[in-house]
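Observations on the model geometry
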Amino acid sequence: MVMGDSMHPGGLALTNRMGRLMEIQPGDWGVDLASARGNSSMAVSRVFKCNVVGVEFGRAAVAEAHAGAISARLTARTHHVQGDAERPPLKPGRFDSVFCECAMSLFQNKAVAVEETANLLRPSGRFGLSDVTVEPNCLPEEMDGTLGQLLCLTDALTVNGYVGLMEASGLKMLHQVDASIEGIKILDALEAKLGAYSAWQKMTGQQGPAPEMLERGPELLTTLRGLIQQGQLGYW
């Protein structure tokens, strides 16, 4: 996997950094929205000695998260439920923290999702959000379709767009961290993998899927890298 042990830029190091900014304490109860295979849930539970409930729509991912928690001996503090992360099937006002990594950009109704998140929190609770940010009309045409969705770009908001959603739900902004450099690291890793794959094709004479996209890959990566450097594309 390009992103290593996690499904978002920065991996678990950025997850733990967000947990520190959120001041998660031992014994706290937190929620991981769109928790996938539970890597972030388990990392936060292990590092901060807290309880985490992961909410994930995919049945297979929830099963894998359960298995991972068993293997890591974290079942006492890490729990995984199947449900819609935009409308978590959890009781309101019970949680000290909620975090959502690289998923809000994919939600169909972001405003509802943030309102539901705010309702989960105790009065002193905190919401940690990290996601792709995209300035309007900056993406190349190739990124408007399936590829853009896979990279969480198509429906991503600007930084101010995410801030506006949270403030409209009564949340107060405490910290903002620009982690866009992590996006460049991912592009560098992708470029290296594309180069290795291209070399393998030349050695074996075999053609993989979508050869035209593989051909254009380096050009698209260069474009995306430039957008990050210009501040048009980011990760916060």
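The shown structure was predicted, so the numbers you read here are calculated from the model rather than taken from an experiment.

Attention now moves to the environment of Gly 83. Assignment of secondary structure puts Gly 83 in the loop between strand S3 (78-82) and strand S4 (95-101). Separated by 25 residues in the primary sequence, Gly 83 and Gly 58 have C-alpha atoms spaced 8.0 Å apart. In contact with Gly 83, other than residues within four places in its own chain, are Val 55, Glu 56, Phe 57 and Pro 89.

With a probe scaled to a water molecule rolled over the atoms, the places where space remains empty come into view. If you add up the space inside the second largest pocket, you get close to 690 Å³. Around the second largest pocket, the lining comprises 32 residues; the ones closest to its centre are Phe 127, Gly 128, Leu 129, Met 173 and His 175. Partitioning the lining of the second largest pocket into residue classes produces 18 nonpolar, nine polar and five charged.

Consecutive residues of a regular strand have side chains that alternate between opposite faces of the sheet. Most of strand S2 (residues 51-56) is tucked away, with six of its six residues classed as buried. Of the strand pairs in this sheet, strand S1 (residues 29-33) and S2 are connected by five bridges, and their pairing is parallel. For Leu 33, the partnering residue across the bridge sits in S2 and is Val 55. Remark: the S1/helix H2 (residues 39-48)/S2 crossover connection has right-handed handedness. Taken together, the five bridges between S2 and S3 define a ladder with parallel strand orientation. Across the sheet, the residue bridging to Val 53 is His 79, located in S3. Following the backbone out of S2, through helix H3 (residues 59-71) and into the adjacent parallel S3, one traces a crossover that is right-handed.

The next point concerns the sheet that holds S3. Strand pairing in a sheet is mediated by backbone hydrogen bonds. Such pairs are either parallel or antiparallel. Read across the sheet, five strands follow the order S3-S2-S1-S4-S5 without closing on themselves; strand pairing throughout is parallel. The sheet terminates laterally at S3 and strand S5 (121-130), the two strands that pair on one side only. The sheet shows a mean angle of 20° between the axes of neighbouring strands, taken without regard to direction. Here S1 pairs with S4 via four bridges, running parallel. Bridge assignment links Val 31 to a residue of S4, and that residue is Val 98. Contacts from H3 reach S2 and S3, with the element oriented near 165° to S3. Each of S1, S4 and S5 touches helix H4 (residues 110-120); the most contacted strand, S5, lies at about 140° to it.

What counts and what doesn't
Residues numbered from 1 in each chain as written. Predicted model: local features only at pLDDT ≥ 70, side-chain atom pairs only at ≥ 80, totals over all residues. Heavy atoms only, no water. Helix = DSSP H or I, 4+ residues; strand = E, 2+ residues; numbered from the N terminus. Contact = heavy atoms within 4.5 Å. 1 Å grid on protein atoms, 1.4 Å probe; cavity = no way out; pocket = protein on both sides within 12 Å on 5 of 7 lines; lining within 4 Å. Points joined across faces, edges and corners; volume = space filled by probe spheres on them. Nonpolar A, V, L, I, M, F, W, Y, C, P; charged D, E, K, R; others polar. Buried < 20%, exposed > 50% of the residue type's maximum accessible area, 1.4 Å probe, protein only. Pairing = 2+ DSSP bridges. Right-handed = clockwise from strand over helix to strand, strands pointing away. Axes fitted to C-alpha atoms, helices over the stretch in contact; angles between N-to-C directions.

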